Amino acid sequence: MLKEELLKVFAEHPGEFVSGEKISQKLGCSRTAIWKHIDELRKNGYQLESAPRKGYRLVSKGDGIQPHEVKVALKTNRFGSEITYFNEIESTQTVAHELSHKGVKEGHVVIANEQTAGKGRLGRKWYSKSGTSVSMSIILRPELPPQQTPQLTLLAAVAVVRAIKSNVGISCDIKWPNDILLNGKKLVGILTEMQADPDVVHSIIIGIGLNVNQDSSEFDDEIKEVATSLRIVKGRVIERAQLIAAILNELETLYDLYLEEGFKPIKSLWEANSISVGTYIYARTMREVIYGFAKGITDDGVLLVEDQQGVTHKIYSADIEIASQK
Ligand code: BTX
């Protein structure tokens, strides 16, 4: 809270130095406490100048996400009520694992303006640039057997699609299990990891990476042919804090529905937004490539593909390519 009050003081003195003494009088705290909060603001991307005898001056708010702007737009009870924010971090997923071990509450969210070592599935990389992406990890603590956790990946995909629709007015497609595509290009990646014993889940960490304000020249070479952003399609810059809040609002609503009524209503919503059921696909698993008709998903989130010999395969993990119908 002191951080917000400190920002208020700077807002009252735009472009000016404010002495440490004046700040400590206004906020009723020690100079050391102020110094600590100035340091924290710097870590959050704010540029602050300090000069002997003059005090501190806010030069720029940086290109970061303001966690208090996320909080103002939340309609949730739990999700996002605690936010850990970094201007730059290796991976929000790694931090979320550590926080989860320390026992933070369900719904705690880790958000970063930039990740330097973002993680995709199966050891792949996830790119996120400063000022343009959403990178966040949400900690859940459902009482579920481990085999049901893939359902939460599908739930997260539905939440993101609905939030993008309501907040930006764009309809996206879900490709099993966790890709969100816009005009056939990858807009969002979702990584679900869990901390569990064989029969009990301790926590589930849902990582969401979303391309928001990149223009096409800003994508790294490895992904420039396959990636897109909301800005490219919408033609304007999108406010990231609002979008994060919209995602958390949808996530909590769907998660509560899931806890009350099970996977059935989520499954219907997922199928309604999916381009990878009711069509012919190639499923590239670790062992083989299966070509066939994707019939649907099971209650465990497993994809069912019928091959040309009429055999139905259960696909637990694969990369999916939509094929033209044969
Ligand atoms: P995935 O394995 O399905 O996708 C990774 C693949 O997607 C990469 O190999 C690359 O080809 C492509 N890719 C990488 N970055 C991008 C991008 N920005 N846009 C489009 N395509 C890209 C998807 O894994 C799961 C990603 C989860 C990312 C979140 S961000 C917050 C959290 N923290 C963290 O480290 N990971 C998660």
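Residues numbered from 1 in each chain as written. Predicted model: local features only at pLDDT ≥ 70, side-chain atom pairs only at ≥ 80, totals over all residues.

A short note on the site of the ligand
Working step 1: Residues in close proximity to the ligand total 29 residues, the closest being Ser91, Gly120, Gly189, Gly207 and Gly209.
Working step 2: Within the residue set of the shell around the ligand, elements represented by two or more residues are helix 5 (92-101), strand 4 (109-119), strand 5 (125-128), strand 6 (133-140), strand 9 (185-197) and strand 10 (200-211).
Working step 3: Class assignment for the residues of the shell around the ligand results in 10 nonpolar, 13 polar and 6 charged. (Near = placed C-beta within 6 Å. Helix = DSSP H or I, 4+ residues; strand = E, 2+ residues; numbered from the N terminus. Nonpolar A, V, L, I, M, F, W, Y, C, P; charged D, E, K, R; others polar.)

Looking at the packing of helix 6 (residues 150-168) against helix 9 (residues 264-272)
Working step 1: Where helix 6 meets helix 9, the axes come as close as 9 Å, and the angle between the chain directions of the two elements is 55°. Judged by the angle between their axes, helix 6 and helix 9 are oblique. Note that helix 6 runs across helix 9; the crossing there is left-handed. Contacts from Gln151, Leu154, Leu155, Ala157 and Val158 in helix 6 reach Ile266, Leu269 and Trp270 in helix 9. (Axes fitted to C-alpha atoms, helices over the stretch in contact; angles between N-to-C directions. Parallel < 35°, antiparallel > 145°, perpendicular 65-115°, else oblique. Left-handed = near helix turned anticlockwise from the far one by under 90°. Contact = placed C-beta atoms within 7 Å.)

Observations regarding helix 8 (residues 240-261)
Working step 1: A rise of 1.5 Å per residue sets the reference length of helix 8, with its 22 residues, at 32 Å; its end C-alpha atoms lie 31 Å apart and thus fit the reference within 8%.
Working step 2: One or two steps after helix 8, the chain reaches Gly262, where phi turns positive at roughly 85°. (Expected span 1.5 Å × (residues − 1).)

Observations regarding the pairing of strand 14 (residues 312-315)
Working step 1: Relative to strand 14, strand 13 (residues 303-306) runs antiparallel, the two sharing 4 bridges. Bridge pairing in strand 14 places Val305 opposite His313.
Working step 2: In this antiparallel pair of consecutive strands, strand 13 and strand 14, the connection spans 5 residues, and Gly310 shows a positive phi of 85°. (Pairing = 2+ DSSP bridges.)

Quick look at the domain arrangement of the protein chain
The extent of an interface is frequently quoted as the accessible surface area lost upon association of the parts.
Working step 1: When its domains are assigned, the protein chain resolves into domain 1 (2-60), domain 2 (67-272) and domain 3 (279-322).
Working step 2: Taken together, the 12 residues of domain 2 in the interface contact 7 residues of domain 3.
Working step 3: Contributing elements (two or more residues each) for the side of domain 2 that touches domain 3: helix 6 and helix 9.
Working step 4: For the side of domain 2 that touches domain 3, the element with the highest residue contribution is helix 6, accounting for 4 residues.
Working step 5: Of the residues assigned to the side of domain 2 that touches domain 3, the class counts are 5 nonpolar, 4 polar and 3 charged. (Domains from an automatic or database assignment.)

Things to note about the nonpolar core
Working step 1: Within the largest apolar cluster, 59 residues are counted, with the highest numbers of intra-cluster contacts made by Leu155, Ala156, Ala157, Val160, Ile208, Ile244 and Ile247.
Working step 2: Element by element, the count of residues in this core is highest for helix 6, at 12 residues.
Working step 3: Those residues in contact with Ile244 that sit more than four places away from it in its chain are Ile65, Val70, Ile111, Val134 and Met136. (Core = buried A, V, L, I, M, F, W, Y, C linked by C-beta atoms within 7 Å. Buried ≥ 20, exposed ≤ 12 C-beta atoms within 10 Å, placed from the backbone.)

With respect to the UniProt feature "DNA-binding region" (unreviewed entry) in the protein chain
Working step 1: UniProt's entry tags residues 20-39 with the feature "DNA-binding region" (unreviewed entry), counted in the numbering of this structure.
Working step 2: As a span, residues 20-39 carries 85% helix and 0% strand, and end to end its C-alpha atoms are 14 Å apart. (UniProt positions renumbered as here; feature names shortened; annotations may be inferred.)

Comments concerning the pairing of strand 1 (residues 47-51)
Working step 1: The element strand 1 is largely exposed, with a buried count of 0 among its 5 residues.
Working step 2: Strand direction decides the pairing type here: strand 1 and strand 2 (residues 55-60), joined by 5 bridges, are antiparallel. Bridged to Gln47 within strand 2 is Ser60.
Working step 3: Counting the residues in the hairpin turn of strand 1 and strand 2 gives 3 residues, including Arg53, whose phi is positive at 70°.

Brief notes about the environment of Gln195
Working step 1: Mapped onto the fold, Gln195 is located in strand 9.
Working step 2: A tally of 14 C-beta atoms within 10 Å means that Gln195 is categorised as partly exposed.
Working step 3: Here the alpha-carbon distance between Gln195 and Leu181, two residues 14 residues apart in the chain, equals 28 Å.
Working step 4: Here Gln195 is in contact with His97, Ser100, His202 and Ser203, once residues within four sequence places are set aside.

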